[in-house]
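One letter stands for each residue in the lines below.
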Amino acid sequence: MDIKKYFKFLTPDIKACLFVIGVLVFILALYKPIIAFFGVLVLGYLIYYYWKDVHARKEEWTMYVEGLEEKFNSLTEHAVFNMPVPLTMIEEDGTISWYNTKFLTMMEEEEILNKKIGDLVSEIKIEDIFKEDKKPIDVKIENKYYKIYYNIVDNKKKANSDNLVAMLYWIDDTDFKLLKNRYRDEKIIICVAQVDNYDEVKSNTDEVNRPIVLAEIDKSINAFATSINGLVRKYENDKYIIIFENEHLKKLEAKRFNILDKIREIDLGNKIPITLSMGIGINGKDPNETYEYAKAAIDIALGRGGDQAVLKENDRLSFYGGKTKAVEKRNKVKSRVISHALRQLIDQSEKVFVMGHKNADMDSFGASIGILRAVENRNKKGFLVLKGSNPSIKNIYDRMAKEQPEYLNKTITPEEAIEIADKSSLLVVVDNHKPSFTEAPALLDIVEKVVLIDHHRRGAEFIKNPILVYLEPYASSTCELVTEILYYMEDKMELTNFEADALLAGISVDTKNFTFQTGVRTFEAASFLKRAGADTTSVKQLFKDDYDTYILKAEVVKNAFIVHGKMAISRLEENIDDSVLIAAQAANDLLNINGVMASFVLTLSNGKVHISGRSLGQISVQLILEKLGGGGHLTSAGTQLNDVTIDEAEKMLIDSIDEYLKEGEDK
């Protein structure tokens, strides 16, 4: 038996004792009535004494409880009114029904009873307080920060009350906030800066002015570092490292890194403008990781054509600048190095896959054909990963089937490529650097050796760990880059007429027949292709459209409207197979209108809204459409939007244009 139960069992019960005594007195009365009489008297006395004792104890306990309640109420009232934490009681509609002295000292106004708490502290949203999740609210009053905790009390059960009330506890969080802000402001930011065209500026500046120009670059960068209390060190002729504190970053972002403009405006005898690229690393776990962020950011800035600042914080990227056209590099050493490296990689691989972007265009298709020629010349198995023909490449695809049907046997679907590919294969991605935009994104996870050849400005999304990268935003097209690779790959590169025409067609499309994004090397590549058998008349035949397509393009031009006096916007609401191609061509046609510097055409395709953007170079359609998740070039870009109507997409486009122009004005 439990010891507690045992002792409880042995503890006498007075009522039981009195009952036993009563029974014994009754029994005694049967035999000895006289003696029983005295027993009754004693029993009566005991009962009376017991009753009196219980009554006295009850009165004593009642007095004790009443005194304790009064003491507790007095103590509670004193504690609440004199609590060192500000308290406020508010009704369900936000009306202040009670507050203590500490809260009154917080506020500038003296008469605050029955006022709305939201009128006194605008950061408080009443609907947030009466939600089920009781998350603390952070507010700032004058120079102090408070964290508000609260309890909800249901007063509906009480008389004359039919609503909820909340008690707010205002905890002074100023010291923590100031410490947190100081910690954030004093975090180290590392910036790697590079003069994009240092060698070109140096070689194209007269010897007399050269020291002045180079000294002005150093002076401007040093002045920039001084303005943000930073440390700057020059570790190569054209490279700098700048270290400063995080508190200055917002000012730089507000000014949109105007150091880029100051460098570009240097005019002390230099014959070409000077441009600067900056990579800024933010919030690394330690200085080494922050520096790695900065190096990755400068690579992206250079990959996007330079003359811009790129901020990298973990996986988040921010872009500033990049509104000028990329400067063409005249040095062909890189083309030769890339060509020889690609030849070695092809020789080391049994199977080579060539893949462009979804909905292949002339540039993507022509570059793929050029790489397949290189693979064929090295006597290796080459495959073109392509879902099939589309309106953009229909003419050249049909010509390939007629003139070089062997290419059809090398053309495989993404599913077939995934099935036969292995780790030892080589994958060459052309005219795209975003994994999600490739024909077969899963193929990138299978093949370990990936080569990237592209001419688009680098975006936030990028193929992971390519073994070889040839990304040159200055180039007119990927076909131009592939043509240079073919030129250096063999002593005498043999191309068929079809292959030469395919490469020239890709260049023609992206340069709009050699009018945009065209440099000296573009004409050199075209000259090489012409000598290889390309025929401009045959190439022009590849761009012919049927009558219905011309009618649709005319409708798009007819329905266009102008925004900001210089940008044309129109839409093609016909959901047809070649709507994206027609939209792109119509965007080009809209540039022929006087005063139009940029054009955008929206269209529907496969349940998505596609936007094609084109410009004459003064406006960066790439920066505008990047805000909507797209990308491309200064003069040619596009994007696609999911789960929106064409009207919603048009509004999003106009908002993006407004934001772009606002940034330009701030600049």
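Since the structure is predicted, the reported quantities are computational estimates derived from the model, not experimental observations. (Residues numbered from 1 in each chain as written. Predicted model: local features only at pLDDT ≥ 70, side-chain atom pairs only at ≥ 80, totals over all residues. Heavy atoms only, no water.)

S.K.: Before we move on, can you summarise the pattern of salt bridges with the specific residues and values?
M.R.: For the coordinates displayed, the defined rule picks out 27 salt bridges. Among the ionic pairs, Arg264 bridges to Asp307, the shortest N-O distance being 3.0 Å. Note that Arg264 is positioned in helix 11 (residues 259–264) and Asp307 in the loop between helix 12 (287–303) and strand 10 (308–313), a separation of 43 residues in sequence. The partly exposed category is assigned to Arg264, whose relative accessible area is 22%. For Asp307, a relative accessible area of 1% corresponds to the buried category. (Salt bridge = Lys/Arg side-chain N within 4 Å of Asp/Glu carboxyl O. Helix = DSSP H or I, 4+ residues; strand = E, 2+ residues; numbered from the N terminus. Buried < 20%, exposed > 50% of the residue type's maximum accessible area, 1.4 Å probe, protein only.)

S.K.: So what's going on with the environment of Leu87? Which residues, and what values?
M.R.: Within the element layout of this structure, Leu87 appears in strand 1 (residues 87–91). Between the alpha carbons of Leu87 and Asn100 there is a distance of 5.6 Å; along the sequence they are 13 residues apart.

S.K.: Tell me about the UniProt feature "binding site: Mn(2+) 1" (unreviewed entry) in the protein chain, and name the residues and values.
M.R.: With numbering matched to this structure, UniProt assigns "binding site: Mn(2+) 1" (unreviewed entry) to His357, Asp361 and Asp431. Look at the named residues: they lie 75 residues apart in sequence, but the longest C-alpha span between them is just 9.4 Å, so in the fold they bunch up. Cross-referencing the annotated residues with the largest cavity identifies His357 as lining it. Within the secondary structure layout, Asp361 lies in the loop between strand 12 (351–355) and helix 14 (362–377). (UniProt positions renumbered as here; feature names shortened; annotations may be inferred. 1 Å grid on protein atoms, 1.4 Å probe; cavity = no way out; pocket = protein on both sides within 12 Å on 5 of 7 lines; lining within 4 Å.)

S.K.: Describe in detail a nonpolar patch on the surface, supporting the description with residues and values.
M.R.: Residues Phe19, Val20, Val23, Leu24, Phe26, Ile27, Leu30 and Tyr31 make up a contiguous nonpolar surface patch of roughly 890 Å² in combined accessible area. Following the sequence through the fold, Phe19 ends up in helix 2 (residues 14–31). (Patch = residues over 30% accessible without salt bridge, like charges linked within 9 Å, V, L, I, M, F, W, Y side chains within 5 Å. Areas by Shrake-Rupley, 256 points an atom, 1.4 Å probe, with all protein chains shown as cover.)

S.K.: Go over the packing of aromatic side chains, please, and point to the residues and values.
M.R.: As enumerated under the stated definition, the model contains ten aromatic pairs in all. With centroids separated by 5.2 Å and ring planes inclined at 50°, the aromatic side chains of Phe103 and Trp170 adopt a geometry described as tilted. Of this pair, Phe103 sits in helix 4 (residues 101–106) while Trp170 sits in strand 5 (residues 164–172); the two residues are 67 residues apart in sequence, bridging distant segments of the chain. The class for Phe103 is buried, based on a relative accessible area of 0%. Trp170 gets classed as buried once you look at its relative accessible area, which sits at 1%. Measuring from centroid to centroid gives 5.4 Å for Phe257 and Tyr320, while their planes differ by 50°, and the two rings are tilted. Linking Phe257 in the loop between helix 10 (249–254) and helix 11 with Tyr320 in strand 11 (residues 316–321), this pair joins segments that are 63 residues apart in sequence. Put simply, the rings of Tyr99, Phe103, Tyr146 and Trp170 pair up and form one aromatic cluster. (Phe/Tyr/Trp six-rings, centres within 6.5 Å; stacked < 30°, edge-to-face > 60°.)

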